[in-house]
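Residues per chain are reported as follows:
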Amino acid sequence: MLYAIIGEDTANSLEKRMAVRPAHLARLKSLQQDGRLAIAGPFPAIDSPDPGPAGFSGSLIVAEFESLEAARSWADTDPYAAAGVYQRITVKPFKKVLPS
């Protein structure tokens, strides 16, 4: 089943985010290689695809996991979580309707 993982960034976390971004992306690429990643990306803190020093307010990942518990475990061990980039992580089951 698909699960939506929403990470909400702590204030002023851009430096931490950039420091661990390669490890975060490596985990996402592993999901992608396994055919389990539907979509992933950050929420710019301002209305711009490149927010510069304004940074990001969080991230969205939609991926396939065996269970809600497995999705939570994966999210809780993400490099952004370990580095303190995320202040909160929400994991919810997700049902894709469109595009079909």
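Coordinates for the structure precede this section.
Residues numbered from 1 in each chain as written. Predicted model: local features only at pLDDT ≥ 70, side-chain atom pairs only at ≥ 80, totals over all residues. Heavy atoms only, no water.

### Observations concerning helix 2 (residues 68–76)
Part 1 of the argument: Turning to helix 2, its buried residues are Ala71, Trp74 and Ala75. Looking straight down helix 2, one finds that the buried residues subtend no more than 100° of arc, so they occupy a single side. Every exposed residue of helix 2 that faces more than 90 degrees away from the buried side is listed here: Glu69 and Asp76.
Part 2 of the argument: Where the residues of helix 2 are buried, they touch strand 1 (2–9), helix 1 (14–33), strand 3 (56–64), helix 3 (79–82) and strand 4 (86–94). (Buried < 20%, exposed > 50% of the residue type's maximum accessible area, 1.4 Å probe, protein only. Helix = DSSP H or I, 4+ residues; strand = E, 2+ residues; numbered from the N terminus. Arc of directions from axis to C-beta. Contact = heavy atoms within 4.5 Å.)

### What about the pairing of strand 1?
Part 1 of the argument: Of all 8 residues in strand 1, 6 are buried; the element is thus mostly enclosed.
Part 2 of the argument: Of the pairings in the sheet, the one linking strand 1 to strand 3 comprises 7 bridges and is antiparallel in character. Opposite Leu2, over in strand 3, you have Glu64 as the bridge partner. (Pairing = 2+ DSSP bridges.)

### A short note on the packing of aromatic side chains
Part 1 of the argument: In this structure the tally under the stated criterion is 3 aromatic pairs.
Part 2 of the argument: Measuring from centroid to centroid gives 5.6 Å for Tyr80 and Tyr86, while their planes differ by 90°, and the two rings are edge-to-face. By the burial criterion, Tyr80 is buried, and Tyr86 matches it.
Part 3 of the argument: In this structure an aromatic cluster arises from ring pairing among Tyr3, Phe65 and Trp74.
Part 4 of the argument: Over the ring of Trp74 we find Arg27; its NZ or CZ atom is 4.1 Å from the centre of that ring. (Phe/Tyr/Trp six-rings, centres within 6.5 Å; stacked < 30°, edge-to-face > 60°. Lys NZ or Arg CZ within 6 Å of the ring centre and 35° of its normal.)

### Details of the sheet that holds strand 4
Part 1 of the argument: Across the sheet, 4 strands lie side by side as 2-3-1-4; this open sheet has antiparallel pairing. With one partner strand each, in any of the chains shown, strand 2 (37–44) and strand 4 form the two edges of the open sheet. The sheet shows a mean angle of 10° between the axes of neighbouring strands, direction not considered.
Part 2 of the argument: Along the sheet, helix 1 makes contact with strand 1, strand 2, strand 3 and strand 4, crossing strand 3 at roughly 10°.
Part 3 of the argument: Seen against the sheet, helix 2 touches strand 1, strand 3 and strand 4 and runs at an angle of roughly 155° to strand 4. (Axes fitted to C-alpha atoms, helices over the stretch in contact; angles between N-to-C directions.)

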